[in-house]
Amino acid sequence: MNLPNLLTLSRIPILFIIAAILFGSWPGSATLAFLLFIGAGLTDWLDGYVARKRSQVSNFGKLMDALTDKIMMVGMFIALLAIGLIPTWMLFLVLLVIAREFLITGMRLVAASNGLVLAAEKAGKQKTVTQILSIATLLFVPVLGRDVSRVLGRDLTSLAESLHLLGLLIFGIAVLLTLLSGVRYIAKYGYIFTKEEPSEGEEQRKRPRPHSGVALPATPGSDAK
């Protein structure tokens, strides 16, 4: 296991640590969760940089990088929903994101089983950036309302509420981009699911016929000797 892959896989345990911290109410817990999420985002850039620098780019790394990104994003949305930063009436939006991510991941796994590696599309990268921005904004709400307010000795509730609304707006945009990028991805690579396996008869017709071992008589003027 090389360093780029370790950086990629590190985002999964970081997700569980962030989720656990979010349920804490001790001073600085919200800030720690926010900083850990930023750190996880940096590993998403760092693993690719190190892989290219050390010439350690691999199909496994490409597949796991995309997979851990999806696990991180979906896990964070579920955690934010659980602690109330995403309201329960937005549950169906979270479910749409989960369905889209599972579907695209399934396509990538099917492609990988056939020796194909599906690269990330530009629209997919844009939706990922928007998802990260929405999560970071929502995570900063308790930082502002609890930790920063405590340090400054001021009531920043109204400012935190405004930031919360902004985070939800960005989340809505992220959901829209997630669905649109999913539709584009399916339109481009949907043939992977509809590709039919050759029937047994076709397979037999494609197989080369065994040589009978009987030499054919040479025709006049041929080079046979």
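Rules behind the numbers
- Throughout this description, residue numbers start from 1 for each chain and increase along the sequence as written.
- In keeping with the predicted nature of the model, local features appear solely for residues at pLDDT of at least 70, side-chain atom pairs appear and are counted solely at 80 or more, and the whole-chain, interface and lining totals rest on all residues.
- Calculation of side-chain values draws on the structure's entire complement of heavy atoms; hydrogens and water are dropped beforehand.
- Think of it this way: any DSSP run of H or I at least four residues long counts as a helix, any run of E at least two long counts as a strand, and we number them from the N terminus.
- Any two residues having at least one pair of non-hydrogen atoms within 4.5 Å are treated as being in contact.
- Per-residue and other accessible areas follow the Shrake-Rupley method at a 1.4 Å probe size, with only the shown protein chains counted as cover for residues.
- Buried residues are those whose accessible area, probed at 1.4 Å on protein chains only, stays under 20% of the maximum for their type, while exposed residues exceed 50% and partly exposed ones sit between those limits.
- pLDDT gives the predictor's per-residue confidence on a scale running from 0 to 100.
- Two rings from Phe, Tyr or Trp (for Trp, the six-membered ring) form a pair when their centres sit within 6.5 Å of each other. Planes less than 30 degrees apart are called stacked, planes more than 60 degrees apart edge-to-face, and all others tilted.
- The nonpolar core is taken to be a set of buried Ala, Val, Leu, Ile, Met, Phe, Trp, Tyr and Cys residues, with the residues joined through side-chain atoms within 4.5 Å.
- What a helix should span is 1.5 Å times the count of its residues minus one.
- Polar contact criterion, stated in full: a pair of N or O atoms within 3.5 Å, where within protein one must be able to donate a hydrogen and the other to accept it, and residues adjacent in sequence count only if both atoms are side-chain atoms.
- Take a side-chain nitrogen of Lys or Arg and a carboxyl oxygen of Asp or Glu: if they are within 4 Å of each other, that pair is a salt bridge.

Q: Got a sec to walk through the overall build of the protein? Specific residues and values, please.
A: Summing up its helical and strand segments, the protein has nine helices and zero strands in all. Sequence-ordered secondary structure for the protein, helices as α and strands as β, is α-α-α-α-α-α-α-α-α. Partitioning the contacts of the protein with sequence separation of at least 6, the portion at a separation of at least 24 is 80%. In the form shown here, the protein has an accessible surface area of approximately 13800 Å², with 66% of it arising from carbon and sulfur atoms.

Q: Give a detailed account of the side chain of Asp47, specifying residues and quantitative values.
A: Within the fold, Asp47 resides in helix H3 (residues 29-53). Relative accessible area serves as the criterion here: at 4%, Asp47 is assigned to the buried category. If we ignore the near neighbours within four places in the chain, the residues touching Asp47 are Pro4, Leu7, Thr8, Arg11 and Asp65.

Q: Can you lay out the environment of Leu3 for me, pointing to particular residues and giving the numbers?
A: Tracing the backbone shows Leu3 in helix H1 (residues 3-9). Taking C-alpha positions, Leu3 is 9.6 Å from Arg54, a pair spaced 51 residues apart along the chain. Those residues in contact with Leu3, other than ones at most four positions away along the chain, are Val50, Arg54 and Gln56.

Q: Report on the confidence of the model for the protein, specifying residues and quantitative values.
A: Taken over all residues, the pLDDT of the protein has a mean of 83, while the share at 70 or more is 84%. Between the elements of the protein, mean pLDDT differs from a low of 48, seen in helix H9 (residues 200-206), to a high of 94, seen in helix H2 (residues 11-22). Predicted confidence is poor over residues 197-203, with pLDDT under 50, and the contacts of this stretch with residues over four places away or in other chains come to two contacts. Across residues 212-225, where pLDDT falls below 50, the model places one contact with residues more than four positions away in sequence or in other chains.

Q: Requested: an account of the packing of aromatic side chains, with residues and values cited.
A: Counting across every chain of the model gives three aromatic pairs. Centre to centre, the rings of Trp45 and Tyr49 are 5.3 Å apart; their planes meet at 15 degrees, and the pair counts as stacked. Separated by four residues within a single helix, Trp45 and Tyr49 lie in helix H3, roughly one turn from each other.

Q: I'd like a rundown of the nonpolar core, residues and numbers included.
A: Counting 38 residues, the largest nonpolar core has Phe37, Met72, Met76 and Ile86 as its most contacted members. For this core, the secondary-structure elements that each account for two or more residues are H2, H3, helix H4 (59-83), helix H5 (91-113), helix H6 (122-152) and helix H7 (157-189). Those residues in contact with Met76, other than ones at most four positions away along the chain, are Leu15, Ile18, Leu22, Phe37, Ile135 and Leu139. Judged by nonpolar contacts, the second largest core, of seven residues, contains Met107, Leu118, Tyr185 and Tyr189.

Q: Go over H5, please, and point to the residues and values.
A: Over its 23 residues, H5 extends 33 Å from the first C-alpha to the last, a length consistent with the 33 Å expected when each residue adds 1.5 Å. Among the residues making up H5, those that are buried are Leu93, Val94, Val97, Ile98, Arg100, Glu101, Ile104, Thr105, Met107, Arg108 and Ala111. Just downstream of H5, Gly115 is the residue with a positive phi angle, here 85 degrees.

Q: Now, about H4: what can you tell me, with residues and values included?
A: The end-to-end C-alpha distance of H4, which contains 25 residues, comes to 36 Å, matching closely the 36 Å that a straight helix rising 1.5 Å per residue would cover. At the exit of H4 stands Gly84, carrying a positive phi of roughly 95 degrees.

Q: Please give an account of the side chain of Thr68 that cites residues and values.
A: Turning to its location among the elements, Thr68 is positioned in helix H4. According to the relative accessible area criterion, Thr68 is buried, its value standing at 0%. Of the polar contacts made by the side chain of Thr68, one reaches the backbone oxygen of Asp65; its length is 3.1 Å. Among residues more than four places away in sequence, those in contact with Thr68 are Thr8, Leu9, Arg11 and Ile12.

Q: Got a sec to walk through the pattern of salt bridges? Specific residues and values, please.
A: Counted according to the given criterion, the structure contains eight salt bridges. In this structure, the salt-bridge partner of Asp65 is Arg11, at a minimum N-O distance of 2.8 Å. Taken together, the residues Asp65 in helix H4 and Arg11 in helix H2 connect sequence positions 54 residues apart. Take Arg11: its relative accessible area is 2%, and that puts it in the buried class. In this structure, Arg150 and Asp147 form a salt bridge, with 3.2 Å as the shortest nitrogen-oxygen distance. Here Asp147 and Arg150 lie together in helix H6, a separation of three residues that amounts to about one turn. By relative accessible area, which is 7% here, Asp147 ends up buried.

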